[in-house]
Each structure stands twice: as C-alpha cells, then as structure tokens.
Amino acid sequence: MFQSSFSQEEEKTERTKKTQDTDSLTQKMEGEGVTFEEVTKKENINPLAPSKAAFYSAILPGLGQIYNKRYWKAPIVWGALGTSIYVYSFNNTEYRRARNAFKRRLAGFADDEFYDINGDGSGPDVSSEALQEAQESSQRDRDLALVISIALYALNIIDANVDSHLKQYNVSDDLAVDFNPYIEINPFTNKPNYGMAMVIKF
C-alpha cells in the first residue's frame, strides 16, 4: 500500500516536472519566429533639406548641388546651362539680323548688310528668299535652345531635390531581412516543430 502510494507520487512528480520542462521550453521558443531589434539612428534626418536644395538651385543653378556637397556636379550644371544660353543668344542675334534685312528689302531699301557684301555694285549678294529662310531657321534654332535651357534649369532643380532625398536614405546594414532555422515544441504532442523564421531588423 505504502509502496504503491509512493510510486504513484513519484510518477505524478515526474509527470509534473516533464510538463514544466516542456512549458519552459515552449515559453523560451515562443515569439522566436520574428525578432525585433532596436537600432539607433546614426544621423538625424532633416526633412527640409530637399526643399532647401531645390530652392538654392532655383535661385542660382548649381548652388543646390554645392549644398548637397556634390561639388563635381556644379560645373556640369554651369556648362550645360551656359552652352544652351549661348546657343540661344547666338541664334537670336542671327534671327534679328536676318529679320531686319528682310524687312528693309520688303520696304524697298537696298542698304542692308547682306545687299552688297563685296561692294562691287553687282546687286544683292543674298536674296530676299534666302534672308527669309535664314530668319525662319534662326528662329527655330533659337526657340529650341530656349526650350532646352528651360529643361536644363528644371532638371538642375529636380536633381538637387532628389539627390538630397537619396543622401538621407538609410542604407545601413542594420536594415536587414534574414531567414533563420526555427524550432518549437508542440505543447499537445510534445514533439518539435521545425521551420524557418524570418528575422526583420529595423
């Protein structure tokens, strides 16, 4: 009787211990599927920096690139805009020359700069039709140069804004998604469940 009671008590104690071990293992493994780790920010993000860079580039092209510390971009901006403005100015001058001469021809004058270039009195060296064609060609080239200048100016502002955004983009190694082996003890069957755990670090 005493022996039977002792064996039952021992069996009960062993079962309780086994259940506690299983529960502790379950609790230990609980939540291992996704791990959250706190990562401190290395640099403070300035939300106004992109707007400042765009504003500086709008005031003076290339200044936004200098603000972003992309110094090598500033000469490219100046060169591109300077070239397009020069082409516009050149074609505008040629357009005005051809237009003024053509208007004087239509008015019946023969004293424009293209009438007698050689000074031999042989008549117009450049015909009125050629002046009209030169006027239209110069006007097309001038308008195209103006469109390109405006596009380059806008591109300069957009580049400064986007570059400032990307400069603050967090590309730290602390940002990661990883897969790790995962094991969990089923509390009902007392058998392990194997799998893969996705670990997100941010």
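The structure this text deals with has already been given above.
Residues numbered from 1 in each chain as written. Predicted model: local features only at pLDDT ≥ 70, side-chain atom pairs only at ≥ 80, totals over all residues. Heavy atoms only, no water.

Q: Explain the overall build of the chain to me, using residue names and the numbers behind them.
A: Per the secondary structure count, the chain includes 5 helices and 2 strands. Starting at the N terminus and ending at the C terminus, the chain contains elements arranged as α-α-α-α-α-β-β. Counting only residues that meet the buried cut, the chain has 21% of its 202 residues in that class. Considering only residue pairs separated by 6 or more positions, the chain has 57% of its internal contacts joining residues 24 or more positions apart. With an accessible surface of roughly 15000 Å², the chain has 58% of that area assigned to carbon and sulfur atoms. (Helix = DSSP H or I, 4+ residues; strand = E, 2+ residues; numbered from the N terminus. Buried < 20%, exposed > 50% of the residue type's maximum accessible area, 1.4 Å probe, protein only. Contact = heavy atoms within 4.5 Å. Areas by Shrake-Rupley, 256 points an atom, 1.4 Å probe, with all protein chains shown as cover.)

Q: Before we move on, can you summarise helix α4 (residues 73-106) with the specific residues and values?
A: Compared with the 50 Å implied by 1.5 Å per residue over 34 residues, the 49 Å span of α4 between its first and last C-alpha is a close match. Turning to α4, its buried residues are K73, A74, V77, L81, S84, N91, N92, Y95, A98, A101, F102 and R105. If you follow the buried residues of α4, they end up packed against α3 (63-67) and α5 (128-167). Backbone geometry just after α4 places G108 at a positive phi near 95°. (Expected span 1.5 Å × (residues − 1).)

Q: Describe in detail the packing of aromatic side chains, supporting the description with residues and values.
A: As enumerated under the stated definition, the model contains 3 aromatic pairs in all. Between F55 and Y56, the aromatic rings sit 6.1 Å apart at their centres with planes inclined by 55°, giving tilted as the arrangement. The interplanar angle of 75° and the centroid separation of 5.2 Å between the aromatic rings of Y56 and Y67 together place this pair among those described as edge-to-face. Placement of the pair is Y56 in helix α2 (residues 49-59) and Y67 in helix α3, with a sequence separation of 11 residues. Overall, Y56 belongs to the partly exposed group, its relative accessible area being 29%. For Y67, a relative accessible area of 30% gives the class partly exposed. Connected via pairs of aromatic rings, a cluster forms that spans F55, Y56 and Y67. Against the face of Y95 rests R142, its NZ or CZ located 4.7 Å from the ring centre. (Phe/Tyr/Trp six-rings, centres within 6.5 Å; stacked < 30°, edge-to-face > 60°. Lys NZ or Arg CZ within 6 Å of the ring centre and 35° of its normal.)

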